[in-house]
Amino acid sequence: MTGTDDPTNRRALLRALGTVSIAGSVAGCSELSLSSPEDDSRTDDPNGTDADSVTDDGSGGGSGYGACALDEQEPGPDCDAPVEVAASVSSDTVWGDTCSHYRVTNEIQVTNGANLTIEPGTAVSFANGASLHVRDGSSLTAQGSCEEPIRLTGEQATRGYWNGLVFDGSNSLDNRLRHVTVEYAGGARSHHTVRAAGLELLDSRVALERCTIRENAGEGIYLRYDAALDAFDQCLVTGNETAAACRDRSAHHFDGGSEYTGNDKDRVRVAPTSGGIPGSADVEWGVTDVPYVLTEVVSNYGRLTVAPGATVSFERNAGIDSRNGGSLTAVGMNGDESVAPITFTGEQKTRGYWRGLQFRDTDRTENRLEHVVIEYGGAESYHHSTVAANVTVRSGSRLRVNDATVRESGGYGVCVSSNETVDSFHNNTVTKNASGAAWVRSSSSHYFSDTSTYVGNDDDRIDVVPTNDGVPETVSDSWEAVDARYVATDVLPVYGDLTIEPGATVSFAQDAGLDVRNDGSLRAVGLNQDESVDPITFTGEQKTRGYWRGLQFRDTDRTDNRLAHAVVEYGGAESYYHSTVAANVTVRAGSRLRVDSSTIRESGGYGVCVSSNESVDSFHRNTVTKNASGAAWVRSPSSGFFPETSTYVGNDDDRIDVIPTSDGIEEGSSVTWEAVDARYVVEDELEVRGDLAIEAGATVSFESNAGVEVRSTGSLDATGTADTPITFTGEQQTAGFWRGLSYRESDRVENRLVYAVVEYAGSERFNHRVEPANVAAYIGSRLLIENTTIRNGAGYGLYTNASNVSTTAVTYQNNALGGSGTA
């Protein structure tokens, strides 16, 4: 460009430069609008201002954005033609002291510590491919005013016509731009620069106030490496291909005090550095009218705050990794308590597009996600993280999540690993996630409150993944009744105290289970505080018998162990280590348990297994049904724990298997077998040295060669009634299938068979002193037999060598050696 036909007409000059005024309203200046060069509808004030709105100091302060218009200003003196600049500036220089129009013809360097000052009202036009570079130690000061703004523009009003204004290694406090417009730049880059931009800072610092950066190719402004904006106040970034770009450690320089809309891509593009946001940094990402767009994973070691109303968007596989003491605070609430949600989203609205937010090795209370939306993450897990999720908390980190929406993850909504602290998780919506609501290590499984909702996912589940220490000894956990099921993926050991709240569902993967051990406790009482019933369910992920192992209590003599108003189903896959049989509920190794008002069903083994030396403090109003092996399996010392207040029918075989121990019914103990609606099945010879009572109506059945031997201090009292006799029989209805009842050296008046049936015994003798018989009493034993039928034996019906056996109304039928015999 060579000037204008009329050098005295500044308006014509600026029209020739392709000037277009900027939208916005600046106090002290006329209202600005996008207008054509011929638009004369603006104020006739020669300074381009509305005289009534000019502030006293003429600073142009107000609520608008950007520089003021130039097209109403008069040229300065001695400016018959633009001053052409072709050489670099190596000493302090002023542009605009004698002429208000400069023309730069090539790449100009400001070097050697020089300061270039551009006076208010000066226009600098750049030839095609020209640029202005401010180098290390040098500076540029361009401070216009609303009345006399400064313009850096292209000779043609074409994006990318010139290469732009570049600060390269210049950290001078004299780098100040005020009321400056940078336009039509962003052309081809030289080897000094990386990206096309109107204004580029490389390891430099600049203060910008009331500037306009517009119509540039590439980014309007680009901050590279450790570039810093000492100020970026009330600037307007518009009409560019992209609003802005920066490195992660510089993104906080763009804030809500400027405007970034009207670009082809309204975004602040954020690229990571190898060092991420440093630990010493305390920064805020404050842009609210366009999103930050992260291109890769940004490592945050510092204190990062995202302002209310901001949007942070992510390119494919990008994310924020707050680590090693770094913190992320994203609270979408203004100072007046009004809600302005913060959004973390993907550049494509596709599940699993970006990685998500990760917190690792950061035990900081500043880690907060409140009034936020986190969506379309879960592309893949972070390094050493187990699963993909929108939000990942691991390696001893701390986080608070409230009033948040976590959705559309390609994995889980939330992942919490072991040894983490979730200080609060309230009023959240976790929905539409591919793998489920949450994935959590067992030691952190209690963090999900019922004030949040977890439904609408592809599978409404909270996966609980056991660690070696499970629920640790020092921990008291409570799994609240959320609207998704907890899914235990393996056997979960409970060394601490675990409470399952009323209404909760705990489901188990194949062969998983819950192992309460070493003084741990499990309390699952499905009863609300108002005494309304809200059952707790323990079930299998597949509704198939034997899908999971079941609940086990071992080495835990705790009165806190309770199952009430609970359903336990589809367990009994296999026995626990050192446990004898598979069952839905196993109590062993000196444990204590109370079970009431519960349903135990569909086990692949037994409903209940109780080993020796256990305490079942209560077993009332239960239903034990549809189990493959039978209702229960029990060692003989614990065989009296099944009352008739519960029901045991509907199993594949309605039986309670009694397994004799070497001590049998021990001396000093008292055991009662109530008349339940299933039969007791004695699997071997049962020695009775304590007191065993069989209630009227009970049936006791025996496996091959099994039997009962009442010894010395022991007693067997089987007193039925005419309407409810007691039956002792064989598992096969074959003479001689089991041994029979034997009384040896037991001179107890409690030894009674009254209204009883004893049948199919006599398989072999108990002792060389007696013959095979259904009933044998010898060596000083006492026995009363009344109104009893003894039949179908392979030996004698009754054999005795004792003088204190009394029989009344005894019926003998079909005994091979006769009704009775004596030594």
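Residues numbered from 1 in each chain as written. Predicted model: local features only at pLDDT ≥ 70, side-chain atom pairs only at ≥ 80, totals over all residues. Heavy atoms only, no water.

1. Some points on the overall build of the protein chain
- From N to C terminus, the protein chain includes one helix and 74 strands.
- Split into buried and exposed, the 823 residues of the protein chain put 57% on the buried side.
- Taking contacts inside the protein chain between residues at least 6 apart in sequence as the whole, the part at least 24 apart equals 65%.
- Working note: accessible area of the protein chain is about 29,100 Å², and carbon and sulfur atoms make up 40% of it. (Helix = DSSP H or I, 4+ residues; strand = E, 2+ residues; numbered from the N terminus. Buried < 20%, exposed > 50% of the residue type's maximum accessible area, 1.4 Å probe, protein only. Contact = heavy atoms within 4.5 Å. Areas by Shrake-Rupley, 256 points an atom, 1.4 Å probe, with all protein chains shown as cover.)

2. Section: the packing of aromatic side chains
- Under the criterion given, the structure shown has 18 aromatic pairs.
- Taking 3.8 Å as the distance between ring centres and 5° as the angle between the ring planes, the aromatic pair formed by F126 and W162 counts as stacked. With F126 in strand β6 (residues 123-126) and W162 in the loop between β9 (150-154) and β10 (164-168), the pair connects residues that are 36 residues apart, well separated along the chain. Pair check on accessibility: F126 and W162 agree, each one buried.
- Chaining the aromatic ring pairs together yields one cluster made of F232, F254 and Y260. (Phe/Tyr/Trp six-rings, centres within 6.5 Å; stacked < 30°, edge-to-face > 60°.)

3. So, the confidence of the model for the protein chain
- Averaged over all residues, the pLDDT of the protein chain equals 88, while 90% of them reach at least 70.
- Confidence drops under pLDDT 50 across residues 1-63; counting only partners more than four residues distant or on other chains, this segment forms 133 contacts. (pLDDT = per-residue confidence, 0-100.)

4. A word on the pairing of strand β38 (residues 436-441)
- By the criterion of burial, β38 is predominantly enclosed, with five of the six residues buried.
- Pairing of strand β35 (residues 412-416) with β38 involves four bridges; the strand directions are parallel. Bridge pairing links V416 to V440 in β38.
- Looking at chain direction, β38 and strand β39 (residues 461-465) are connected through four bridges and run parallel. Bridged to V440 within β39 is V464. (Pairing = 2+ DSSP bridges.)

5. Focus on the environment of Y184
- The residue Y184 is located in the loop between β12 (180-183) and β13 (197-202) in this model.
- The exposure class of Y184 is buried, given its relative accessible area of 5%.

6. So, the sheet that holds strand β36 (residues 421-426)
- The strand order β21-β24-β27-β30-β33-β36 describes an open sheet built from six strands, whose pairing is parallel. Two strands in the sheet have a free side with no partner beyond their single neighbour: β21 (282-285) and β36. Adjacent strand axes in the sheet meet at a mean angle of 10° when their direction is disregarded.
- Strand direction decides the pairing type here: β21 and strand β24 (residues 303-306), joined by four bridges, are parallel. Bridge pairing in β24 links D282 to R303. (Axes fitted to C-alpha atoms, helices over the stretch in contact; angles between N-to-C directions.)

7. Quick word on the sheet that holds strand β5 (residues 115-118)
- Ordered by their spatial adjacency, six strands build an open sheet running β2-β5-β8-β11-β14-β17, and the pairing between neighbours is parallel. The sheet is open, and its two edges are formed by β2 (93-95) and β17 (228-233), each paired on a single side. Between one strand axis and the next, the sheet turns through 15° on average, direction left out of account.
- The sheet contact formed by strand β14 (residues 205-209) and β17 spans five bridges and is parallel. Within the sheet, the bridge partner assigned to V206 lies in β17 and is L229.

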